[in-house]
Amino acid sequence: MIDDLWYKNGVFYCLSVGTYMDANGDGIGDFKGLLRRLDYLHGLGVTAIWLMPFQPSPGKDDGYDISDYYGVDPRYGTLGDFVEFTHGCQQRGIRVIVDLVVNHTSDAHPWFRDARSSPDSQHRDWYVWADKRPASASKGMVFPGVQKSTWTHDKEAKAWFFHRFYDFQPDLNTSNPYVQAEILKIMGFWIQLGVSGFRMDAVPFVISTKGAKVTTPVEQYDMLRSLREFLQWRQGNAIILAEANVLPETDMEYFGKDGDRMHMMFNFHVNQNLFYAMASADSRPLAKALKATRPRPASAQWGLFLRNHDELDLGRLTKVQQAVVFKNFGPDKNMQLYDRGIRRRLAPMLGGDRRRLELAYSLMCTLPGTPVIRYGDEIGMGDNLDLPERNCARTPMQWSTEPHAGFTESDKPCSPVIDEGPYGYEHINVAKQRRDPNSMLNWTERIIRMRKEVPEIGWGDFSVIATQDPAILAIRYDWRNNSVLFVHNLDEMPREASFSVGLAGDEGKHLINLLSEDHSEADDRGKHTLMLEAYGYRWYRVGGLDYLLKRSDIDGVNANHPE
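Talk me through the overall build of the protein; I want residue IDs and the actual numbers.
The number of helices and strands found in the protein is 18 helices and 22 strands. Referenced to the eigenvectors of the C-alpha coordinate spread, the extents of the protein come out at roughly 80 × 50 × 50 Å. Looking at the 563 residues of the protein, the share that counts as buried comes to 63%. Looking at the protein alone, contacts between residues at least 24 apart form 68% of all its contacts between residues at least 6 apart. About 22700 Å² of surface is accessible on the protein, with carbon and sulfur atoms providing 49% of the total. Placing the 65 positive and 75 negative side-chain charges of the protein at their respective mean positions leaves the two points 3 Å apart.

Tell me what's going on with the layout of surface pockets, and back it up with residues and numbers.
Estimated volume of the largest pocket: approximately 840 Å³. Val142, Phe205, Asn245, Asp313 and Arg340 are, among the 37 residues lining the largest pocket, the residues nearest its centre. Secondary-structure elements contributing two or more residues to the lining of the largest pocket are α7 (203–206) and α10 (268–280). In terms of residue count, α7 provides more of the lining of the largest pocket than any other element does, three residues in total. Residue classes in the lining of the largest pocket are distributed as 15 nonpolar, nine polar and 13 charged.

For the nonpolar core, give the residues involved together with the corresponding values.
Of all hydrophobic cores here, the largest spans 152 residues; its most connected members are Tyr13, Leu51 and Phe82. Looking at which element gives the most residues to this core, the answer is α10, with eight residues. Of all hydrophobic cores here, the second largest spans 14 residues; its members include Ile472, Val487, Leu532 and Tyr540.

Please set out unusual backbone geometry residue by residue, giving values where relevant.
The residue Glu389 is not glycine, and still its phi comes out positive at about 45°. Mapped onto the elements of the fold, Glu389 is located in the loop between β14 (370–374) and α15 (430–434). Taking the relative accessible area as the measure of exposure, Glu389 reaches 25% and is therefore partly exposed. A positive phi is found at Asn481, a non-glycine position, where the angle reads about 75°.

Tell me about the packing of aromatic side chains, residues and numbers included.
Using the criterion set out here, one finds 39 aromatic pairs in the structure. Taking the centre distance of 6.4 Å and the plane angle of 50° together, the rings of Phe82 and Phe85 count as tilted. With a gap of three residues between them, Phe82 and Phe85 both fall in helix α4 (residues 79–91), about one helical turn apart. Its relative accessible area of 0% is what places Phe82 among the buried residues. Residue class for Phe85 comes out buried when judged on its relative accessible area of 0%.

So, the pairing of strand β16 (residues 472–479): which residues are in play, and what are the values?
Burial runs high along β16: eight of the eight residues are buried. What you see with β16 is no split at all: Ile472, Ala474, Arg476 and Asp478 on one side and Leu473, Ile475, Tyr477 and Trp479 on the other are buried throughout. Strand direction decides the pairing type here: strand β15 (residues 461–465) and β16, joined by five bridges, are antiparallel. Of the residues in β16, the one forming a bridge with Ile465 is Ala474. Hairpin connection between β15 and β16: a loop of six residues separates the two successive antiparallel strands, and Gln468 in this loop has a positive phi of roughly 65°. Inspection of the sheet shows β16 paired to strand β17 (residues 482–489) by eight bridges, in the antiparallel sense.

Describe the sheet that holds strand β12 (residues 336–337), with residues and values.
Pairing between sheet strands relies on hydrogen bonds along the backbone, with the strands arranged either parallel or antiparallel. The three strands are arranged β11-β13-β12 in an open sheet whose pairing can be described as antiparallel. The two strands at the open ends of the sheet, each matched to only one other strand, are β11 (312–313) and β12. In the sheet, β11 pairs with strand β13 (residues 341–342) via two bridges, with the strands oriented antiparallel. When the sheet's bridge partners are listed, Leu312 is paired in β13 with Ile342.

For the sheet that holds strand β4 (residues 129–130), give the residues involved together with the corresponding values.
Spatial strand order, β4-β6-β5: three strands in an open sheet with antiparallel pairing. Because the sheet does not close on itself, it has two edges, and the strands there are β4 and β5 (151–154). As defined by bridge partners, β4 adjoins strand β6 (residues 159–162) across two bridges and the pair is classed as antiparallel. Looking at β6, one finds that Ala130 is bridged to Trp160.

Can you break down empty space enclosed by the protein residue by residue, with the values?
All told, the structure shown has six cavities of 30 Å³ or more when counted by the stated rule. Each pocket or cavity is described by its volume, and for the largest cavity that value is around 50 Å³. Along its surface, the largest cavity is lined by Gln55, Ile66, Tyr69, Val98, Asp99, Leu100, Val101, Ile186, Trp190 and Phe198. Elements with a minimum of two residues in the lining of the largest cavity: β3 (95–100) and α6 (177–192). The element that contributes the greatest number of residues to the lining of the largest cavity is β3, accounting for three residues. Grouping the amino acids of the lining of the largest cavity by side-chain chemistry returns eight nonpolar, one polar and one charged.

Mind laying out the pattern of salt bridges, listing which residues take part and the relevant values?
The final tally for this structure, using the stated rule, is 35 salt bridges. Residue Asp377 pairs with Arg345 through a salt bridge whose shortest N-O separation is 2.7 Å. One end of the pair, Asp377, is in the loop between β14 and α15; the other, Arg345, is in the loop between β13 and α13 (346–349), with 32 residues separating them in the sequence. There is no split in this pair, since Asp377 and Arg345 are both buried. Salt-bridge contacts for Glu456 lead to Arg541; the nearest nitrogen and oxygen are separated by 2.6 Å. Note that Glu456 is positioned in helix α17 (residues 456–459) and Arg541 in strand β22 (residues 537–542), a separation of 85 residues in sequence. If you follow the salt bridges from partner to partner, you end up with Asp61, Asp62, Asp310, Arg390 and Arg394 in one network.

Procedures and definitions
- Numbering of residues begins from 1 in every chain and follows the order in which that chain's sequence is written.
- With the structure being a predicted model, the display of local features is reserved for residues of pLDDT at least 70 and the display and counting of side-chain atom pairs for 80 or more, all residues being used for whole-chain, interface and lining totals.
- Heavy atoms from the whole structure form the basis of all side-chain values; hydrogens and water molecules are not counted.
- Counting from the N terminus, the helices are DSSP H or I runs at least four residues long and the strands are E runs at least two residues long.
- When a residue's accessible area, from a 1.4 Å probe over protein chains only, is under 20% of the maximum for its type it is buried; when over 50% it is exposed; and in between it is partly exposed.
- Residues are treated as being in contact if the distance between any of their heavy atoms lies within 4.5 Å.
- Residue burial considers only the protein chains on display, and all accessible areas are found by Shrake-Rupley using a 1.4 Å probe.
- Residues scored as charged are limited to Lys and Arg (positive) and Asp and Glu (negative), so that His and the chain ends carry no count.
- Taken as the charge centre is NZ of Lys, CZ of Arg, CG of Asp or CD of Glu, depending on the residue.
- Think of a 1 Å grid over just the protein atoms. A cavity is a set of points where a 1.4 Å probe fits yet cannot get out, a pocket is an open set with protein on both sides within 12 Å along at least five of seven lines, and lining residues have an atom within 4 Å of a point.
- Grid points are joined across faces, edges and corners, and a volume is the space filled by probe spheres set on the points.
- Throughout this entry, Asp, Glu, Lys and Arg are counted as charged residues, while Ala, Val, Leu, Ile, Met, Phe, Trp, Tyr, Cys and Pro are counted as nonpolar. The remaining residues, Gly among them, count as polar.
- To form a nonpolar core, buried Ala, Val, Leu, Ile, Met, Phe, Trp, Tyr and Cys residues must be joined to one another through side-chain atoms within 4.5 Å.
- Only Phe, Tyr and Trp rings take part, Trp by its six-membered ring, and two of them pair if their centres are within 6.5 Å. Stacked means planes under 30 degrees apart, edge-to-face means over 60, and tilted covers everything else.
- At least two bridges found by DSSP between two strands is the condition for calling them paired.
- We define a salt bridge as a side-chain nitrogen of Lys or Arg found within 4 Å of a carboxyl oxygen belonging to Asp or Glu.

This is the structure in structure tokens:
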């Protein structure tokens, strides 16, 4: 079972081919270059690579405006190069998941060009049309402040088409059974080329009903079961990781009560409360978010992340909470985006403070789920706020002190490399940090290795331990007669925490530190007292290091774990 559900205890790594490695000196990253960097990722300890779109595209939305679902953009190579890349990943024990962007296409896609040509086109109903501008056209924009409408008039079609995103990305009519069949065909195609799953883009919009007469969209959850069913028949251990920023009460609709829909979902609810916790030094809303997102099928998993390629969306927080996060992590208007989020990378958001960066990554690696790391964050890359919208955090990977950070031999990269200030590539790069045993890169490699040695996080159940101090978050995981405990101080001041592990008998008497020699023994009352430095964290194995001898072969209630 552990081998089959590989995503339960792995580490995912998100990258864009075009910003990660260039092999031909033309300023665009490609699969030949990416293949040469696989040993770096293998050494880092990642178990799966999530690739952002690399299919042919006009490139108006960083590849999310796809014009051919069955190809590779010539700038990145060929299908043969892609297969060589997936084969290289398999040789190193790394799986590949790719973006499945099927809510919309590019307006340059042959389907849309055919659809607009005639009302009788076979592809006309593959998109969503209206004879006149719908009354709801000024509502529901994904990019408020940038996007003006969700309906645009097409002169050739002599009709209005619906687009939840930009006006060059017409929405597919995903209720159309022919469109649904094509989505399955797309999935099957990439599975045959070595892919182990998909990160499905904008899932709530994909499954929602669309049209001029739709005032309240209805989510067609059965569509998710069809996707899952097809995938399991094609490749039993392939997965779908859903991007669905939804409220906790609808989580099970996406997972399926019987675990028959999405395998994984990004936990946006925890993500937003995690940043509030770090901004306010108050763990209580985060603990509440963890409990709210606790229900999930045994085969399902959360994807835990700090930053991704989009803005840090704070839309689920209260206005007061949003104000606290904005003040601490994105106080300038130029750092904010779409009236709801922050467009910065993690390191500059946290002021480049190594203590806070380690705290953030320690939290991500020890909260319930599978950690997902954004390329460059393992070395503390910065952002370029002079670039528009989300492009500021999508700059090329910084490999060395060579020109253009060793990313390209071209005179002009596809996107400018950060070349000045404290986050410039001369200061922040892989080559420099490889040689420094105390670098962020080497710390990240060690923490990933240790994360993979505590399967209790991915497989077990958790309990939030009371510490009587809102700045302290303590979580215990139990699985197969083993327990681990993690304690974090969210405050900028040292804190003393006193707590009981919460296990029966003498089970919680000894806490063995997994990251240092700072172990803990309970007092006569069974309580542990810890002195945590500012932004401090502790990873403990409950009991002794003979835990492997005590690990049971099956799940079940144990006398020492009464919960």
